[in-house]
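# Close look at the chain arrangement
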Amino acid sequence: MPQPAFRFIAQGCPPAVGRPRVVPAPPSRPPRPCRGCLLFPQRVLAAGASPGPFPLLASMEFAELIKTPRADNVVLHRPFYLAVEGTLCLTGHHLIFSSRRQDNAEELWLLHSNIDSIEKRFVGSLGTIIIKCKDLRIIQLDIPGMEECLNIASSIEALSTLDSVTLMYPFFYRPMFEIVEDGWRSFLPDQEFELLSSVTNEWRLSCINKEFSVCPSYPPVVVVPKSIDDEALRKVAMFRHGSRFPVLSYYHKKNGMVMMRSSQPLTGTNGRRCKEDEKLINATLRPGKRGYIIDTRSLNVAQQARAKGGGFEQEAHYPQWRRIHKCIERFNILQESLIKLVEACNDQSHNMDRWLSKLEASNWLTHIKEILTAACLAAQCIDREGASVLVHGTEGTDSTLQAGHPFQQRCAQSAYSNSKQKWEAPVFLLFLDCVWQILRQFPCSFEFNEQFLIMLFEHAYASQFGTFLGNNENERSKLKLPQKTMSLWSWVNRSEELSKFQNPLFEANSLVIWPSVAPQSLQLWEGVFLRWNRPSKFLDEAHEEMINIIKYNKELQAKVNALRRQLAEMETDDRMQENL
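In this report, the structure presented in the accompanying data block is examined. Model, not experiment: these values are computed from the prediction. Throughout, residues of each chain are indexed from 1 in the direction in which the sequence is written. Local features in this predicted model are restricted to residues of pLDDT 70 or higher, and side-chain atom pairs are both shown and tallied only at a pLDDT of 80 or more, whereas totals for entire chains, interfaces and linings draw on every residue. The side-chain values count all of the structure's non-hydrogen atoms but skip hydrogen atoms and water molecules.

### A word on the pairing of strand β5 (residues 115–123)
This is how the line gets drawn: We call two strands paired when DSSP finds no fewer than two bridges between them. Secondary structure elements follow DSSP: runs of H or I of four or more residues count as helices, runs of E of two or more count as strands, with numbering from the N terminus.
Bridging between β5 and strand β6 (residues 126–133) involves eight bridges; their strand directions are antiparallel. Within β6, the residue paired with Glu119 across the bridge is Ile130. Taking the residues that link successive antiparallel strands as the turn, the β5-β6 hairpin has two residues, and the phi of Gly124 there is positive, at about 65°.

Here is the structure:
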């Protein structure tokens, strides 16, 4: 997700989240497409035409994939809704179901890219398609006619697994709303660096990666110590895995300490060194101070990496730095954990012991604890120890989510996919879960609410916006996303949308918050993992009542302040009368 590579500390708000702005299309229905982008279901159903975007109908890639564009008398089953009969249409990017009621109350729009897997079942001539979505929802469609059911299932499978990024919906989506701000320009490095420059002159913007020639996965502009020139950066890049040299990730205004990120050093078995690398990270230290290197691999894994040409910083060459290993799992281990967790949450046996056993076996909350523990350690080093921190694992793309996190690879599959895993891992979902854990423990310290985090999760896996496409700035540039797709933030920055994601309990807090990682302090994120398994009516009503109470409290507070001012004026008048 494009965002600044550095950020001042937002007390109570993790810097990688940044500003509380996200675009929330309702999960079952995106904002209305228009301008030749997608036929409305009413027009599709009424005219009986082949549904889909007009440009796509001329495209053989889509026309050949949609074997049966429409089916009548289909029955839709969804959690917490009564079964409803209607018409199903397939377009190039959407599965559309409509009951054809005048009020359009029973209507479902589902992006094909949100489909993780489908299952087919047959009883006589009646076919059933069970659709499992990346947002963890499960939908069932009963379709009369075996041939129609097979054709629709085949079409959905093909349309939900398109190989070409440029055939995805963000390249065809045209919004109906007025674009007030170009979201692609919301977080420009130059603008963000001005804030940093106002409090310190020890850093500079480097355009060494302008053509992505030094590090293909880094953005064109990075922040580095002013004392390190570009020639030294080139040498450091050659010493780091994937050329991901140490760059500024976070600046702590309180004491000027920083967090930097990078990939592992290429020390190898012969203990190779790079004096420019040593000078670069030492430039972040104060005289007489030590720094901490937090390696997110176990010591054993880090040592094994040396045999493959990687490794870790040798104490002899980095005497001012103390290395700490805080293991955070990656790739298939995290993906398997998510799969087991979702399986446990979908268990309808109502056996509490079995459910708790499955939850524990998933190790999801264990991963949450490990990540929060590492984050608290980094915060302690920076705020309490007054020391700078360098964080890295092997590649340096997952430990810090700011620049170069491969969203498209990591979010290609969710918890239901049957295909073989490659690079998929719920790293971003784990990050959002960690933020939610802290939000729950400190409900007044965040300007955004839980719905903001949930919608970020949804758009990371399937969206009409181009923000999460590509794996780094280089790929986004080649795809010309700013020119050809709409940014998530263009929708979010509209004033009418922001209020949906603002926390009514928020109070500015200048202190650093310290979350508890004790087992009893960490909870399952029901808003994501149980929202399709139990109704949210009472939670919604409680939230609405909370907002009303807060609003009423603010009104009373305003009256109290007005009365206090009135009383002060009366006391002033009385004193003036006495003096006369």
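Picking up after the structure, the text goes on.
### Overview of the packing of aromatic side chains
For the record, the criterion: Each pair of aromatic rings taken from Phe, Tyr and Trp, with Trp reduced to its six-membered ring, is defined by centres within 6.5 Å and is described as stacked if the planes are under 30 degrees apart, edge-to-face if over 60, and tilted in the remaining cases. Partly exposed describes any residue whose relative accessible area lies between the buried limit of under 20% and the exposed limit of over 50%, with all areas from a 1.4 Å probe on protein chains only and scaled to the type maximum. In this scheme, the term charge over a ring applies when either NZ of a lysine or CZ of an arginine sits within 6 Å of the ring centre and within 35 degrees of the ring normal.
Evaluation of the coordinates by the stated rule reveals 15 aromatic pairs. Measuring from centroid to centroid gives 4.8 Å for Phe448 and Phe452, while their planes differ by 35°, and the two rings are tilted. Residue Phe448 shares its accessibility class with Phe452, and that shared class is buried. Taken together, the aromatic side chains of Phe407, Phe428, Phe431 and Phe468 make up a single cluster linked through ring pairs. The ring of Trp514 has Arg384 lying over it, and the distance from NZ or CZ to the ring centre is 4.4 Å. Over the aromatic face of Trp491 sits the side chain of Arg494, whose NZ or CZ is 4.7 Å from the ring centroid.

### Things to note about the sheet that holds strand β1 (residues 70–77)
Put simply, the rule reads: The axes are straight lines fitted to the C-alpha atoms, using for helices just the contacting stretch, and the angles between their N-to-C directions are given from 0 to 180°. We call two residues in contact when some of their heavy atoms are within 4.5 Å.
Taken together, the seven strands give an open sheet; going across it, the order is β4-β3-β2-β1-β7-β6-β5, and neighbouring strands pair in antiparallel fashion. Of all strands in the sheet, those with a lone pairing partner are β4 (107–111) and β5, marking the two edges. Averaged over all neighbouring strand pairs, the angle between strand axes comes to 30°, with direction disregarded. Set on the sheet, helix α4 (residues 146–159) makes contact with β1, β2 (84–90), β3 (94–98), β5, β6 and β7 (138–144); between it and β5 the angle comes to about 170°.

### Some points on the packing of helix α6 (residues 230–239) against helix α7 (residues 275–282)
What describes two packed helices is the angle between their axes and the distance between those same axes. Spelled out, the test is: Any angle from 65 to 115 degrees is called roughly perpendicular, while one under 35 is roughly parallel, one over 145 is roughly antiparallel, and all others are oblique. Here the term charged refers only to Asp, Glu, Lys and Arg, the term nonpolar to Ala, Val, Leu, Ile, Met, Phe, Trp, Tyr, Cys and Pro, and the term polar to all other amino acids, Gly among them.
Relative to each other, α6 and α7 sit at 110°, their axes nearing to 8 Å. Judged on the interaxial angle alone, α7 and α6 are roughly perpendicular. Two secondary-structure elements touch here, α6 through Ala232, Leu233, Lys235, Val236 and Phe239 and α7 through Glu276, Asp277 and Leu280. Split by residue class, the contact of α6 with α7 holds five nonpolar, no polar and three charged.

### Describing the pattern of salt bridges
Quick reminder of the rule: For this analysis, a salt bridge means a side-chain nitrogen from Lys or Arg found within 4 Å of a carboxyl oxygen belonging to Asp or Glu.
Per the counting criterion, the structure on display carries 23 salt bridges. Between Arg286 and Glu202 there is a salt bridge, with its nearest N and O atoms 3.4 Å apart. One end of the pair, Arg286, is in the loop between α7 and β12 (291–295); the other, Glu202, is in the loop between α5 (189–197) and β8 (203–206), and 84 residues separate them in sequence. Arg286 gets classed as partly exposed once you look at its relative accessible area, which sits at 28%. A salt bridge links Asp347 to Lys358, with the nearest nitrogen and oxygen atoms 3.4 Å apart. Of this pair, Asp347 sits in the loop between α9 (331–345) and α10 (352–362) while Lys358 is found in helix α10, placing the two residues 11 residues apart along the sequence. Residue Lys358 is classed as partly exposed on the basis of its relative accessible area of 22%. Linked by salt bridges that have partners in common, Glu343, Asp347, Arg354 and Lys358 make up one network.

### Looking at the sheet that holds strand β10 (residues 247–251)
As summarised here, the arrangement of the five strands in space is β10-β11-β14-β12-β13, forming an open sheet in which the pairing is mixed. In this open sheet, the two edge strands, each paired with only one partner strand, are β10 and β13 (321–325). Taking the axes of each pair of neighbouring strands and ignoring which way they run, one obtains an average angle of 25° across the sheet. Where β12 meets strand β14 (residues 389–392), four bridges bridge the pair, whose relative direction is parallel.

### Examining the environment of Trp364
Short version of the rule: Identification of polar contacts relies on pairs of N or O atoms within 3.5 Å, with a donor-acceptor requirement for protein atoms, meaning one able to donate a hydrogen and the other able to accept it, and with residues adjacent in sequence counted only if both atoms are side-chain atoms.
In this structure, Trp364 sits in helix α11 (residues 364–383). Looking at Trp364, the relative accessible area reads 1%, which means it is buried. Distance in space between the C-alpha atoms of Trp364 and Glu336 is 9.5 Å, their sequence separation being 28 residues. Those residues in contact with Trp364, other than ones at most four positions away along the chain, are Leu334, Ser337, Leu338, Leu341, Pro426, Leu429, Leu430, Asp433 and Phe529. Here the side chain of Trp364 touches Asp433 through a polar contact of 2.8 Å, side chain to side chain.

### Overview of the environment of Glu385
Note on placement: Glu385 falls in the loop between α11 and β14. What makes Glu385 partly exposed here is its relative accessible area of 42%. Note: C-alpha distance between Glu385 and Met257 (128 residues apart in sequence) is 9.7 Å. Not counting residues within four places of it along the chain, the set of residues in contact with Glu385 comprises Lys289, Tyr292 and Gln380. Only 3.4 Å separates the side chain of Glu385 from the side chain of Tyr292, close enough to count as a polar contact.

### Some words on α7
Just so we agree on the cut-off: Taken from the helix axis, the directions to the C-beta atoms give the arc we talk about.
Of all the residues in α7, the buried ones are Asp277, Glu278, Leu280 and Ile281. For α7, the arc enclosing every buried residue in end-on projection is 160°, short of the 170-degree limit, so these residues lie on one face. Every exposed residue of α7 that faces more than 90 degrees away from the buried side is listed here: Lys275 and Lys279. Buried residues belonging to α7 abut β9 (222–225), α6, β11 (258–261), β13 and β14.

By themselves, these figures tell us nothing about what the structure is for.
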